[in-house]
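Next come the chains, spelled out residue by residue.
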Amino acid sequence: MIITRFAPSPTGRLHVGNIRTALHNWMLARKSGGKFLLRIDDTDAERSKEEYVEAIRADLAWLGLKPDGEERQSQRMALYEGGFDALRAAGRVYPAYETAQELDLKRKIQLGRGLPPIYDRAALELSEEQRAAKEAEGIAPHWRFKLDHDELITWEDGVRGPQKFDPASLSDPVIRRADGSWLYMLPSAVDDLDMGVTDVLRGEDHVSNTAVQIQMFTALIAAQTGAAKPIPSFAHEALLVGREGKLSKRLGSLGVEAFREKGLEPEAVIALLARIGTSLPVQPIADRAELLESFDLSTFSRSPAKFDDAELERLNAAIVHQMDYTVAADRLPDGMGEEAWRAIRPNLSHVGEAGEWWRLVTGPIAQPDFDEEARPYLAAAASALDLSGDDPWHALTNALKEQTGRKGKALFLPLRQALTGMDHGPDMKELLPLIGEDEARARLEQAANG
Ligand code: GLU
């Protein structure tokens, strides 16, 4: 069974890039009847906030991405301690004593010599006595994971294809601070194993983390259980950029809150994010089963996915135009039934605009002033009006055409203006029966009398 996870840090609201990753993990799991887990990466007690944990849950709920389980790293510390001890016993973790300034200086010297800024493993060279001396000075160590330099790191990436890393080109990552707190790398690997995650799908900014974590998985499995827990499969999707093709600050703050404020449908957001950056066409598909059916990592491009607000608005409008009454009903004004919804929805970009058009039916409306030529015409319309037939609008306009010789705009526009106060709007054929005979006649007469 496929098990995926979405692992946000609750240090802020989800932005559109996170949402896209969450969606793809949800899709990957749902497509195969697997599980989609939410993991709250809240090991950073200072920056993690409960309000963001709640906001993450609420945002996922609004998007309809329901997790099949939730874990919080802050409640799993004992597991990380166990993983750490096992790795330490296996000689894969070592203490280091450099200060941030010392490390910075080392990096500057390396860069100055044109060398890559890789940690030189000086701490590994320390003798027992030297370490004891550091600690006697009151310097607590931070801890690094020792990469195995003899083993090339390779994996078949679900999006990027075959990947190869020389571990000697990477720094041994710091996994634990001197105060005992955890950095991201080890807890994530421990959790992925413990939670039985089969597929890690995340942004390409994590590619080098994956290289390190593959060695961690291998070491954890060997050190801890001896059991054949499989290492997950990995896929790294290209990042999300703005329409102009650049990483945009704006996207970093664009999320569910803004989508809701704009009156957008979750289905429009989902339809867009499911397919941008893939070879599949972006279409107004409100049916998730249909999106799931075509979901396939092999369609994902390695170049950045472009997010365009205008495209989202277009999709939203198209989704509203085909939306069933039952989906919209509880957001519509009182009294606005299915017929009215069908008449009005082609004019909407957002469901929230329905009320403006519904007011044309319920009134009061503001009519323009009609000139001497239009008034008798509208009086004739008031007399000819008859809503008893199947299609009273055509009956009315046909009768008036015959009677007055008017056609086109001269025939239709004064009627629309008198009946709705507007030059454009929903199809009059559908609107007229909703307005009703008495009200429609009253409006025509009022227009005729000025
Ligand atoms: N908390 C990490 C992040 O938000 C999770 C990365 C991962 O998916 O492993 O970047």
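Above this note sits the structure.
Presented here is a report on the structure given in the accompanying data block. (Residues numbered from 1 in each chain as written. Predicted model: local features only at pLDDT ≥ 70, side-chain atom pairs only at ≥ 80, totals over all residues. Heavy atoms only, no water.)

Counting its regular elements, the protein chain contains 19 helices and twelve strands. Judged by the C-alpha coordinates and their principal axes, the protein chain covers about 110 × 45 × 35 Å. Residues classed as buried in the protein chain amount to 47% of the 450 residues present. In the protein chain, of all internal contacts separated by at least 6 residues, the share reaching a separation of at least 24 is 74%. Working note: accessible area of the protein chain is about 21700 Å², and carbon and sulfur atoms make up 50% of it. Averaged over its 54 positive side-chain charges, the protein chain has a centre that lies 4 Å from the centre of its 72 negative ones. (Helix = DSSP H or I, 4+ residues; strand = E, 2+ residues; numbered from the N terminus. Buried < 20%, exposed > 50% of the residue type's maximum accessible area, 1.4 Å probe, protein only. Contact = heavy atoms within 4.5 Å. Areas by Shrake-Rupley, 256 points an atom, 1.4 Å probe, with all protein chains shown as cover. Lys, Arg positive; Asp, Glu negative; His and termini not counted. Charge placed at Lys NZ, Arg CZ, Asp CG, Glu CD.)

Looking at the ligand, the residues that line it are Arg5, Ala7, Ser9, Asp41, Tyr184, Ser188, Arg202 and His206. Contact between the ligand and Ala7: a nitrogen atom at 2.8 Å from a main-chain N or O atom of the residue. Arg202 is positioned such that a nitrogen or oxygen atom in its side chain is 2.7 Å from an oxygen atom of the ligand. Alone, the ligand offers 300 Å² of accessible surface; in the complex the protein occludes 77% of this. Each residue belonging to the shell around the ligand can be placed in one class, and the counts come to two nonpolar, three polar and three charged. (Near = heavy atom within 4 Å. Polar contact = N/O pair within 3.5 Å; in protein donor to acceptor, adjacent residues only side chain to side chain. Nonpolar A, V, L, I, M, F, W, Y, C, P; charged D, E, K, R; others polar.)

Turning next to the pairing of strand β9 (residues 199-203). Most of β9 is tucked away, with five of its five residues classed as buried. As paired strands, β9 and strand β10 (residues 233-237) are joined by five bridges and run parallel to one another. Bridge assignment links Leu201 to a residue of β10, and that residue is Ala235. (Pairing = 2+ DSSP bridges.)

Attention now moves to the environment of Lys262. Relative to the helices and strands, Lys262 is located in the loop between α8 (256-261) and α9 (266-275). Along the sequence, Lys262 and His321 sit 59 residues apart, while their C-alpha atoms lie 17 Å from each other. Dropping the residues within four chain positions of it, Lys262 is found in contact with Leu254, Asp309, Glu313 and His350.

A few words on the packing of aromatic side chains. In the structure shown here, the tally under the stated rule is eight aromatic pairs. Relative to Trp182, the ring of Tyr80 lies with its centre 6.2 Å away and its plane at 80 degrees, an arrangement referred to as edge-to-face. Of the two residues, Tyr80 sits in helix α3 (residues 77-89) while Trp182 sits in the loop between β8 (174-176) and α6 (185-194), which places them 102 residues apart along the sequence. What makes Trp182 buried here is its relative accessible area of 4%. Ring centres 5.3 Å apart and planes at 90 degrees place the aromatic pair Phe84 and Trp143 in the edge-to-face group. (Phe/Tyr/Trp six-rings, centres within 6.5 Å; stacked < 30°, edge-to-face > 60°.)

This brings us to the side chain of His142. Tracing the chain through its elements places His142 in strand β5 (residues 142-145). In this view, His142 contacts Tyr94, Pro95, Ala96, Tyr97, Glu98, Val174, Arg176, Arg177 and Ala178; residues no more than four positions away in its chain are not counted.

Below, the discussion takes up the sheet that holds β8. Strand pairing in a sheet is mediated by backbone hydrogen bonds. Such pairs are either parallel or antiparallel. Pairing is antiparallel across the open sheet formed by three strands, whose spatial order is β4-β5-β8. Looking along the sheet, the strands with just one partner apiece sit at the ends: β4 (93-96) and β8. Going from strand to strand, the sheet's axes swing by 45 degrees on average, the running direction of each strand aside. Sheet topology places β4 next to β5; four bridges connect them, and they run antiparallel. Within β5, the residue paired with Pro95 across the bridge is Trp143. (Axes fitted to C-alpha atoms, helices over the stretch in contact; angles between N-to-C directions.)

For the rest of this paragraph, the subject is the pattern of salt bridges. On inspection of all chains with the given rule, the structure shows 32 salt bridges. Across the pair Asp59 and Arg13 runs a salt bridge whose closest N-O atoms are separated by 2.9 Å. Of this pair, Asp59 sits in helix α2 (residues 50-63) while Arg13 sits in the loop between β1 (3-6) and α1 (16-31), and the two are 46 residues apart along the sequence. Classification of Asp59 by relative accessible area gives buried; the value is 3%. For Arg13, a relative accessible area of 36% corresponds to the partly exposed category. Across the pair Asp44 and Arg47 runs a salt bridge, and its minimum N-O distance is 3.7 Å. By relative accessible area, Arg47 is classed as exposed at 52%. (Salt bridge = Lys/Arg side-chain N within 4 Å of Asp/Glu carboxyl O.)

Attention shifts here to the side chain of Arg5. When you line up the elements, Arg5 lands in strand β1. For Arg5, a relative accessible area of 4% puts it in the buried group. The contact partners of Arg5, leaving out residues within four places of it in the chain, are Asn25, Leu37, Arg39, Ser188, Asp192, Val197, Asp199, Val200 and Arg202.

Note that every value here comes from positions in space, so none of it alone points to a role or purpose.
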